[in-house]
Amino acid sequence: MVVLNRIYTRTGDKGTTALAAGGRRPKHDLRIEAFGTVDETNACIGMVRLHTKDLPIDAMLNRIQNDLFDLGADLATVETDKPLPYEPLRITQGQVDRLEREIDELNAELSPLRSFVLPGGTPAATALHLARTVCRRAERNVVELTGKPNEKVSPEAVKYLNRLSDFLFVASRYVNDKGALDVLWIPGQNR
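Within each chain, residue numbers correspond to sequence positions counted from 1 in written order. Totals for whole chains, interfaces and linings use every residue, but because this is a predicted model, local features are given only for residues with pLDDT of at least 70 and side-chain atom pairs only at 80 or more, for both listing and counting. Think of the side-chain values as coming from all heavy atoms in the structure, minus any hydrogens and water.

**A few points about the environment of Asn162**
Phase 1: The way it works is that DSSP assigns letters per residue, a run of H or I at least four long becomes a helix, a run of E at least two long becomes a strand, and they are numbered from the N terminus. Summarising the element assignment, Asn162 is placed in helix H5 (residues 155-175).
Phase 2: Note on classification: 1.4 Å probe, protein chains only; a residue is buried when its accessible area is under 20% of the maximum for its type, exposed when over 50%, partly exposed between these limits. Classification of Asn162 as partly exposed rests on a relative accessible area of 26%.
Phase 3: Separated by 26 residues in the primary sequence, Asn162 and Arg136 have C-alpha atoms spaced 7.4 Å apart.
Phase 4: Here Asn162 is in contact with Arg136 and Glu139, once residues within four sequence places are set aside.
Phase 5: Two N or O atoms count as a polar contact when they lie within 3.5 Å, although within protein this holds only if one can serve as hydrogen donor and the other as acceptor, and sequence-adjacent residues are included solely when both atoms are side-chain atoms. At a separation of 2.8 Å, a polar atom in the side chain of Asn162 contacts the side chain of Glu139. We call two residues in contact when some of their heavy atoms are within 4.5 Å.

Here it is in structure tokens:
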């Protein structure tokens with residue numbers, strides 16, 4: 001259980017932040033950047049939900065926001081050889097599988113694309129495109145982190161972010177009147 005009765009602690013005043021299992025890292029550390037960008041993705045999805053309150057997709061987005069907190073906890077809990085006094089929260093294959101099912105469910109109602117889609121259309125679609133691009137940045141951060149010595153990241157965390165950006169793209173088309181309001185790229189249109 002999380003209890004927050006005091007918001008400022010002054011512990012970060014020297015440019016470091018705490019990891020979930022102990023230890024501190026500089027605020028510019030790649031691991032901190034990775035879970036910070038996951039948090040930014042979550043905030044973008046919160047903005048999307050201002051436009052999806054009455055749509056069935058809103059329940060999916062609510063689950064994703066909770067998953068993103070799980071992912072942040074996963075990334076903030078560095079794997080070590082030392083046992084922890086608790087079971088660390090990690091992204092699971094089941095969460096990835098659920099995203100795949102939801103992508104398939106939404107995509108089944110869309111016509112195939114004949115061009116790339118420009119970010120736009122409805123306010124919900126535009127906000128979903130923004131969330132998608134931030135999610136891709138989080139994915140790049142996490143993938144870069146996996147390549148660093150002594151930095152372990154679960155494969156499910158990487159898969160989840162990859163699948164989430166796919167979900168956000170399909171969802172943007174879905175809320176664009178199932179693709180009817182997509183803004184398509186016209187190569188060389190303004191030459």
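**What about the packing of aromatic side chains?**
Phase 1: Here a Phe, Tyr or Trp ring, Trp counted by its six-membered ring, pairs with any other such ring whose centre lies within 6.5 Å, and the pair is stacked when the planes are under 30 degrees apart, edge-to-face when over 60, and tilted otherwise. Counted under the stated rule, the structure contains one aromatic pair.
Phase 2: Judged by centre distance (5.7 Å) and plane angle (50°), the rings of Phe116 and Trp185 are tilted. Of this pair, Phe116 sits in the loop between helix H3 (93-107) and strand S3 (117-118) while Trp185 is found in the segment after strand S4 (183-184), placing the two residues 69 residues apart along the sequence.
Phase 3: With relative accessibility at 40%, the residue Trp185 sits in the partly exposed group.

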